[in-house]
Amino acid sequence: MESAATTPDSPVPALERESAALRARRLAAARRRATALLAGVTVVFGAVTVAGVHGTLRGYVQAGAEAAMVGGVADWFAVTALFRRPLGLPIPHTALIVERKDQFAATLGQFVQENFLNADVLAERIRSARLAARLAAWLAGEANAAGFAGHAADLVVTVAETLRDEDVQRVVTAELTRAAGAVEVAPLAGRAVRVLMAGGHHAELFNAIVSGADRYLADHYPELRELFEAESPRWVPDAVYRRVFDRLYTRLRHRLVAMAADPDDEARHQFEEWIAGLPGRLETSPELRERGERLKREVLGSAGLRDWSSSLWKNTKDMLRTQAADPGSELRRRLADALAAAGRRLGSDRRLQESLERVVESGTRALADQFHDELAGLITGTIQRWDAAQTSSQLELLLGRDLQYIRINGTVVGAGVGLALHAIGLALA
């Protein structure tokens, strides 16, 4: 037998959300109607029977009323037996929901497992839904991409907020230590110097060193003069050592300016010779290697690195919060552009769509095969933990109104059957 499948475009009626009080009122009204009909046919049967059966019409009325009573009572018994014992009598196979709740739970769990959590069923549903094409069309819309980018940015901020600063700092420091520990500082510095020289930047480095030294002298004139004064003999007059310091200071600054301006300066040539041999020394000298490793260990073990990693994470969180809160931020704009571009690419590339659908289908199959027993067990276990009487009461509120129409139908159908049997009996007589 083929299973009925609802196509993606077919309307599915939404379940009405009714309160328990409303369901109870509707159930009571339906129950009164069914009982009133049964009482009515009982009155008719009693009246006809007391009056005596005279004539064909009264015979039909009595037969129909009698059969209607039988049908109504039988269906009342059947409907009541689902939820409780009729008239409180310990009749076997009654109060079925209360007595067989656990078996019902196991059956429902097995039903869901076989018909909803089945890998083939889920895969077929995914293929018919054309998820990749729908996702592509949705992402291609700029408003959708912008909205999704906003949610994604908020999610990133939420995840960042849930992380403890101490944990992140510890992880960042550990990763930096691990990455730096695997690299020797001196050979790396040697390669960096080779790259610097290959680009001709060593001349700029010399000029930067000289200019920095000149700026330092200019910015620290009072401190340097006080230091020179403190180191001078006490018997030298103040005017003498101040004149000497000013002359030295001025000549030194003039020398620095000349070194920076003259490309053929002797000091520049000496610096170039020194830096030309520096890469080889950094790569081969055991002393420089050991010194570099010692410096690396001191830096990695310093409190400054921990403070830097902590401030780095805090600054990152502040940046994420600011970017996520601003609809026009660079972060959200780039996310939206990337999502829209991905949607356009996915919509125009059929092979990419098929690949994505295969990935989703494979993942769904894997999840279904891995967890279908657990999900079915969750359904079974949840129902088994319910109180039996409460479960029966809730199901009666949900289904009882429709079941009362079974009583009404049984009464009507019984009357029809009774009339038919009475007619057959008269015909055979």
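Conventions we followed
Residues numbered from 1 in each chain as written. Predicted model: local features only at pLDDT ≥ 70, side-chain atom pairs only at ≥ 80, totals over all residues. Heavy atoms only, no water. Helix = DSSP H or I, 4+ residues; strand = E, 2+ residues; numbered from the N terminus. Rg over C-alpha atoms; globule rule 2.2 N^0.38 Å. Buried < 20%, exposed > 50% of the residue type's maximum accessible area, 1.4 Å probe, protein only. Contact = heavy atoms within 4.5 Å. Areas by Shrake-Rupley, 256 points an atom, 1.4 Å probe, with all protein chains shown as cover. Lys, Arg positive; Asp, Glu negative; His and termini not counted. Charge placed at Lys NZ, Arg CZ, Asp CG, Glu CD. Expected span 1.5 Å × (residues − 1). Arc of directions from axis to C-beta. pLDDT = per-residue confidence, 0-100. Patch = residues over 30% accessible without salt bridge, like charges linked within 9 Å, V, L, I, M, F, W, Y side chains within 5 Å. Salt bridge = Lys/Arg side-chain N within 4 Å of Asp/Glu carboxyl O.

Asker: Hey, could you run me through the overall build of the protein in this one?
Answerer: Broken down by element type, the protein carries 18 helices and zero strands. Its C-alpha atoms give the protein a radius of gyration of 46 Å, clearly above 22 Å, the size a compact globule of 429 residues would have. Principal-axis analysis of the C-alpha atoms gives the protein an extent of 155 × 55 × 45 Å. Within the protein, the proportion of its 429 residues that are buried is 27%. Put simply, of all contacts in the protein between residues at least 6 apart along the chain, 74% involve residues at least 24 apart. For the protein, the exposed area adds up to about 28300 Å²; of that, 62% sits on carbon and sulfur atoms. Of the charged side chains in the protein, 53 are positive and 54 negative, and the gap between their average positions amounts to 6 Å.

Asker: Please clarify how the environment of Glu396 should be interpreted in this entry.
Answerer: Topologically, Glu396 is positioned in helix 18 (residues 388-428). When the C-alpha positions of Glu396 and Arg23 are compared, they lie 9.4 Å apart, and in sequence the two are 373 residues distant. In contact with Glu396, other than residues within four places in its own chain, are Leu27, Arg31, Phe83, Arg84 and Arg401.

Asker: Help me understand helix 7 (residues 142-162) in this model?
Answerer: Compared with an ideal rise of 1.5 Å per residue, which puts 21 residues at 30 Å, helix 7 spans 30 Å between its outermost C-alpha atoms and is within 8% of the ideal. When helix 7 is considered as a whole, its buried residues turn out to be Ala145, Ala149, Gly150, Ala153, Val157 and Ala160. The buried side chains of helix 7 occupy one side of the element, clustering within an arc of 140° when seen end-on. When the buried face of helix 7 is taken as reference, the exposed residues oriented beyond 90 degrees from it are Ala143, His151, Leu155 and Thr162.

Asker: Can you walk me through the confidence of the model for the protein in this structure?
Answerer: Detail in the predicted coordinates should be disregarded across regions flagged by low pLDDT. Mean pLDDT over the protein: 80, with 92% of residues reaching 70 or higher. Summarising per-element confidence for the protein, the mean pLDDT is lowest in helix 3 (residues 96-99) (74) and highest in helix 1 (residues 20-51) (88). Counting interchain partners and residues more than four positions distant, the pLDDT-below-50 stretch residues 1-15 has four contacts.

Asker: What should I look at first to understand a nonpolar patch on the surface in this one?
Answerer: Together, Leu131, Leu135, Trp138, Phe148, Leu356 and Val360 line one region of the surface with nonpolar side chains, adding up to about 470 Å² of accessible area. Elements with a minimum of two residues in the nonpolar patch: helix 6 (131-140) and helix 17 (350-385). The dominant element in the nonpolar patch, judged by the number of residues it contributes, is helix 6, at three residues. As for its position among the elements, Leu135 is in helix 6.

Asker: Which parts of the structure should I look at to understand the pattern of salt bridges?
Answerer: Oppositely charged side chains can pair when the atoms bearing their charge come close. By the definition in use, this model includes twelve salt bridges. Two residues, Asp265 and Arg255, come together in a salt bridge whose shortest N-O distance is 2.8 Å. Remark: Arg255 occurs in helix 12 (residues 238-261) and Asp265 occurs in the loop between helix 12 and helix 13 (266-284); sequence separation between them is ten residues. On the basis of relative accessibility, which here comes to 6%, the residue Asp265 falls in the buried class. You can call Arg255 partly exposed: its relative accessible area is 37%. Its salt-bridge partner being Glu290, residue Arg294 comes within 4.0 Å of it at the nearest N-O pair. Placement of the pair is Arg294 and Glu290 together in helix 14 (residues 286-300), with a separation of four residues, close to one helical turn. Under the relative-accessibility criterion, Glu290 is labelled partly exposed at 39%. A network of salt bridges, in which partner residues are shared, links Glu330, Arg333, Arg334 and Asp337.

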